[in-house]
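Reading the structure
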Amino acid sequence: MCEYCGCQSLTSIDELTREHDAVVALISRVRKARGEGDAVAAAGLARRIAAVLAPHTKVEEHGLFPAMAAEFPDQIAVLEAEHRRIEAVLAEAADAVPADPAWPDRLLDVLAQLRDHILKEQDGVFPAALTTLTTEQWEAVEAVRARAGSALPRPAA
Ligand SMILES: [Fe+2]
């Protein structure tokens with residue numbers, strides 16, 4: 001990785017994108033579990049989504065978003081509010097299947113919001129970041145990633 005060719009920025013965005021892809025795949029499995037009335041499976045999948053999102057959200061909120069907040073303050077505030085809303089519903093399943101009978105429907109609803117949120121990041125935030133962040137800002141993103149880790153296996157080199 002060097003600081004001149006942009007590979008650093010592409011590595012950061014690639015890892016965030018792989019996490020989005022993993023989450024989208026898990027969302028499809030939640031829909032299937034919900035269709036089968038399997039709340040235990042849905043809760044287990046909600047925990048897996050939360051595990052992927054925990055380091056992902058740190059990298060966004062402590063690395064990528066601060067670098068963009070000056071230029072896009074309203075958009076970043078909306079994205080962060082969506083993170084909180086999504087985390088709250090996922091967290092209800094942190095220890096067990098939630099007792100609330102409405103939880104599976106609330107989960108599906110918030111996961112639909114998460115899909116839209118991911119599209120906004122993929123189609124808006126990430127392309128904007130690739131054109132606006134400086135090398136120092138990408139290094140800050142990488143430093144947050146190094147601290148936060150990842151729930152995904154590293155890609156084959
Ligand atoms: Fe994201």
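Please refer to the structure higher up on the page.
Since the model is a prediction, treat every value here as computed from it, not as a measurement.

**Re the coordination of the iron ion**
- Taken together, His20 (NE2), His56 (NE2), Glu60 (OE) and Glu121 (OE) make up the protein donors of the iron ion, found 2.0 to 2.2 Å from the metal.
- Taken together, the four donor atoms coordinating the iron ion span angles of 84 to 169° at the metal, a pattern that classifies the geometry as irregular.
- Counting along the primary sequence, the residues that act as donors to the iron ion give the motif H-x35-H-x3-E-x60-E. Of this pair, glutamate 60 sits in helix H2 (residues 39-68) while glutamate 121 is found in helix H4 (residues 103-132), placing the two residues 61 residues apart along the sequence. Residue glutamate 60 shares its accessibility class with glutamate 121, and that shared class is buried.

**A short note on the nonpolar core**
- Grouped together as the largest cluster of nonpolar side chains are 24 residues, with contacts concentrated most on Val23, Ile49, Leu90, Trp103, Leu107, Leu111 and Leu114.
- If you tally residues by element for this core, the top one is H2, at seven residues.
- Not counting residues up to four positions away in its chain, the partners in contact with leucine 114 are Val23, Ile27, Ile49, Leu53 and Ile86.
- Counting 16 residues, the second largest nonpolar core, distinct from the first, contains Ile13, Val125, Leu133 and Val141.

**Here we look at the side chain of glutamate 15**
- Within the element layout of this structure, glutamate 15 appears in helix H1 (residues 7-35).
- Those residues in contact with glutamate 15 that lie beyond four places of it in its chain are Arg145, Ser150 and Arg154.

**Things to note about the side chain of glutamate 121**
- This buried residue, glutamate 121, is left without a salt bridge; lysine 120 holds the nearest opposite charge, at 8.4 Å.
- Residues within four places of glutamate 121 in sequence aside, it is in contact with His20, His56, Glu60, Phe65, Leu79, His83, Phe126 and Pro127.

**Here's the deal with the packing of H2 against H4**
- Running from amino to carboxyl end, H2 crosses H4 at an angle of 30°, the nearest separation of the two axes being 12 Å. Between H2 and H4, the angle is such that the two are roughly parallel. Along this stretch, H2 crosses H4, giving a crossing that reads as left-handed. Residues Ala42, Ala43, Ala46, Ile49, Leu53, His56, Glu60, Leu64, Phe65 and Met68 of H2 touch H4, and the partners they reach there are Trp103, Leu107, Leu111, Leu114, Glu121, Val125, Phe126, Ala128, Ala129 and Thr132.
- Across the contact of H2 with H4, the residue classes break down as 16 nonpolar, two polar and two charged.

**Examining the packing of H2 against helix H3 (residues 73-91)**
- H3 packs onto H2 with a crossing angle of 160° between their chain directions and a minimal axis gap of 11 Å. The angle between H2 and H3 places the two elements in the roughly antiparallel class. Between H2 and H3 lies a crossing of left-handed hand. Residues Ala46, Ile49, Ala50, Leu53, Thr57, Glu60, Glu61, Phe65 and Met68 of H2 form the contact with H3, whose participating residues are Ile76, Leu79, Glu80, His83, Arg84, Ile86, Glu87 and Leu90.
- Classifying every residue of the contact of H2 with H3 by side-chain character gives ten nonpolar, two polar and five charged.

Definitions and limits used
- Residues numbered from 1 in each chain as written.
- Predicted model: local features only at pLDDT ≥ 70, side-chain atom pairs only at ≥ 80, totals over all residues.
- Heavy atoms only, no water.
- Donors = N, O, S within 2.8 Å, 3.2 Å for Na, K, Ca; no water.
- Tetrahedral: all angles 85-135°; square planar, octahedral: opposite > 155°, others 65-115°.
- Helix = DSSP H or I, 4+ residues; strand = E, 2+ residues; numbered from the N terminus.
- Buried < 20%, exposed > 50% of the residue type's maximum accessible area, 1.4 Å probe, protein only.
- Core = buried A, V, L, I, M, F, W, Y, C linked by side-chain atoms within 4.5 Å.
- Contact = heavy atoms within 4.5 Å.
- Lys, Arg positive; Asp, Glu negative; His and termini not counted.
- Salt bridge = Lys/Arg side-chain N within 4 Å of Asp/Glu carboxyl O.
- Axes fitted to C-alpha atoms, helices over the stretch in contact; angles between N-to-C directions.
- Parallel < 35°, antiparallel > 145°, perpendicular 65-115°, else oblique.
- Left-handed = near helix turned anticlockwise from the far one by under 90°.
- Nonpolar A, V, L, I, M, F, W, Y, C, P; charged D, E, K, R; others polar.

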